[in-house]
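Chain and residue survey
So the chains spell out like this:
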Amino acid sequence: MATLGVGTQTSEQALASLSNMTCKVAPIQVDEYLQRIAKAQAYMQANNIDAIYLNAGTNLTYFTGMKWYASERMVGAILPAIGDVQYIAPYFEIGTLNGFKVVEGPIHGWQEHENPYALFVSVLKQLNINDNATIGIDESAQFFIFDGINKAQKGLNIINAQSVTAHCRMHKSVNELSLMQCAMDMTLAVHQATASMLYEGITTTEVEAFIKKAHQKVGAPGNYFCIVLFGVATSFPHGVKDPQVLKKGDMVLIDTGCKVHDYLSDITRTYVFGEPTMRQRMFWDHEKAAQMAAFNAAKIDATCEDVDAGARTYLAAQGLGPQYQTPGCPHRTGHGIGLDIHEWPYLVGGDKTPLAPGMCFSNEPMLVIPDEFGVRLEDHFYMTDNGPHWFTQPSYSIDDPFGLNA
């Protein structure tokens, strides 16, 4: 039979079926930013880290609420193990940055002809953080930031701040989970609407444009990202450069997400436009079973690599792989998610991070059948005291991907 819910209405009807879904969620408030800072400082004190530098980007946003973009100019903050946040920015940006400030703290300015890295070291001295201190540098900072600080300092022990940032960010709060749940619900509704408006001859470019409008209809600024693939192109996990035209019998793979108050969704659905072949059906079923095997392996105190192994053990038993070989799953089973689309920890061999409450992961052990098609079913789960909990229910079947008859 034809795939249920695919190609059943026009794009206008599909858009009309959507409405704003963001009314019940609020952005992170200042009290939560202060709690994050306190958690980071407790970790730093316990691990003899005197301060960390937070560069413009998601680490700066996570701890201070300050939203700023990384550029060739140093904009960021020093988070000391004891004391208040100290911002660093060009003088001419201070007025603007004050408008974005959520967590209070002085902004130390540097003029365009001055060395911001020397200012960084000077602020450390003002905080009584001396030359033999241990300073963590934001792992996402550009190399020139590290290089500039390294040349300006004498005797500092410079380390990667990831141990601090990941320690805090990988455990999501109730408020963070609520924002991510809203974003996931929105994107799943967009997926269902998108499937309903497909027709033979539509291009991937046209589908991408519809998905942007659909995300806007449910309350997002638009797509955070969007991958739309038809036919053989679905065997390339992150797509190909040229658009495709939809034909009967094509595998359809759509991977997209949006933001809600800076927190992200990321969902992939794969199905067939028309009647699935036995081969398409077999591999789709293997993909769903591998996704469930990973989910079932996600237990408190199991490791991230245990979850990846759960999916790969199932696939190997079906003669797929082994490991990262194709036909099989060529990439990790999943990634963390939050303010960044990919963040720690990762469901992959070698990541021995124990699973703990508040951790969030994608679950997407994609199957690639080279030169034929690919199948990726991606949903996310978060860890609770009792084990994993889905943000969105997995795709029901290749004939009924959205569970319309479930």
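This text gives an overview of the structure that appears in the document. (Residues numbered from 1 in each chain as written. Predicted model: local features only at pLDDT ≥ 70, side-chain atom pairs only at ≥ 80, totals over all residues. Heavy atoms only, no water.)

A look at the overall build of the protein chain
From N to C terminus, the protein chain includes 11 helices and 18 strands. Over its C-alpha trace the protein chain gives a radius of gyration of 23 Å, about what one expects of a compact globule, namely 22 Å for 406 residues. For the protein chain, the spread of C-alpha atoms along the three principal axes comes to 70 × 45 × 40 Å. The proportion of buried residues among the 406 residues of the protein chain is 54%. (Helix = DSSP H or I, 4+ residues; strand = E, 2+ residues; numbered from the N terminus. Rg over C-alpha atoms; globule rule 2.2 N^0.38 Å. Buried < 20%, exposed > 50% of the residue type's maximum accessible area, 1.4 Å probe, protein only.)

A short note on helix 2 (residues 30–46)
Taking 1.5 Å per residue as the helical rise, helix 2 with its 17 residues ought to reach 24 Å, and the 25 Å between its terminal C-alpha atoms agrees with that figure. All of the buried residues along helix 2 are Glu32, Tyr33, Arg36, Ile37, Ala40, Gln41 and Met44. With its phi angle positive at about 55°, Asn48 sits one or two positions after the end of helix 2. (Expected span 1.5 Å × (residues − 1).)

So, the packing of helix 5 (residues 116–126) against helix 6 (residues 143–152)
Contact geometry of helix 5 with helix 6 gives a least axis separation of 8 Å together with a crossing angle of 60°. Classified by the interaxial angle, the pair formed by helix 5 and helix 6 is oblique. Like other packed secondary-structure pairs, helix 5 and helix 6 cross with a definite hand, here right-handed. Where helix 5 abuts helix 6, its residues Tyr117, Ala118, Phe120 and Val121 lie against Phe144, Ile145, Gly148, Ile149 and Ala152. (Axes fitted to C-alpha atoms, helices over the stretch in contact; angles between N-to-C directions. Parallel < 35°, antiparallel > 145°, perpendicular 65-115°, else oblique. Left-handed = near helix turned anticlockwise from the far one by under 90°. Contact = heavy atoms within 4.5 Å.)

Some remarks on the nonpolar core
In terms of nonpolar packing, the biggest core is built from 72 residues, with Ile52, Phe63, Leu79, Leu198, Val207, Val252 and Tyr271 touching the most fellow members. Broken down by element, this core gets its largest block of residues, 10 residues, from helix 8 (residues 174–196). Excluding residues that lie within four positions of it along the chain, Leu79 makes contacts with Ile37, Ala40, Gln41, Met44, Ala51, Ile52, Leu54, Phe63 and Val85. Counting residues in hydrophobic clusters, the runner-up holds 30 residues, among them Ala166, Ala290, Val307 and Ala311. (Core = buried A, V, L, I, M, F, W, Y, C linked by side-chain atoms within 4.5 Å.)

Focus: the environment of Pro401
Inspection of the secondary structure puts Pro401 in the segment after strand 18 (387–390). A relative accessible area of 3% places Pro401 in the buried class. When the C-alpha atoms of Pro401 and Thr270 are compared, they prove to be 8.0 Å apart, with 131 residues separating the residues in sequence. Not counting residues up to four positions away in its chain, the partners in contact with Pro401 are Thr3, Leu4, Tyr271, Ser395 and Tyr396.

Describing the sheet that holds strand 3 (residues 86–90)
Overall, mixed pairing links the six strands, which are arranged 4-3-2-1-5-6 in an open sheet. Unpaired on one side and paired on the other, strand 4 (107–110) and strand 6 (157–160) mark the two borders of the sheet. Strand-to-strand, the axes of this sheet are offset by a mean angle of 25°, without reference to chain direction. In this structure, strand 5 (residues 134–137) lies alongside strand 6, joined through four bridges in parallel fashion. Across the sheet, the residue bridging to Thr134 is Asn157, located in strand 6. Sitting on the sheet, helix 2 touches strand 1 (51–55) and strand 2 (76–80), and the angle it makes with strand 2 is about 55°. Across the sheet, helix 6 touches strand 1, strand 5 and strand 6, and the angle it forms with strand 6 is around 165°. (Pairing = 2+ DSSP bridges.)

A short note on the environment of Asn20
Looking at the element boundaries, Asn20 is found in the loop between helix 1 (11–16) and helix 2. What makes Asn20 partly exposed here is its relative accessible area of 47%. Sequence spacing of Asn20 and Met278 is 258 residues, and the spatial spacing of their C-alpha atoms is 39 Å.

Topic: the sheet that holds strand 7 (residues 225–230)
Taken in spatial order, the three strands line up as 7-8-11 in an open sheet, and their pairing is antiparallel. Two strands bound the open sheet, and with one partner strand each, they are strand 7 and strand 11 (267–272). Averaged over all pairs of adjacent strands, the angle between strand axes in this sheet comes to 10°, irrespective of strand direction. The pairing of strand 7 with strand 8 (residues 251–257) spans six bridges and is antiparallel.

Here we look at the environment of Val207
By secondary structure assignment, the location of Val207 is in helix 9 (residues 204–217). Relative accessible area serves as the criterion here: at 0%, Val207 is assigned to the buried category. Between the alpha carbons of Val207 and Gln142 there is a distance of 35 Å; along the sequence they are 65 residues apart. Apart from residues lying up to four places away in sequence, Val207 is in contact with Thr194, Leu198, Ile202, Val228, Phe230 and Ile254.

Focus on unusual backbone geometry
Here the bond from Gly321 into Pro322 is cis, since omega is 0°, no more than 30 degrees from zero. Here Pro322 is to be found in the loop between helix 11 (304–317) and strand 12 (334–336). The omega torsion across Thr326 and Pro327 is 0°, close enough to zero to call that bond cis. Residue placement: Pro327 occurs in the loop between helix 11 and strand 12. Residue Asn48 is not a glycine yet carries a positive backbone phi of 55°. With respect to the helices, strands and loops of the structure, Asn48 is situated in the loop between helix 2 and strand 1.

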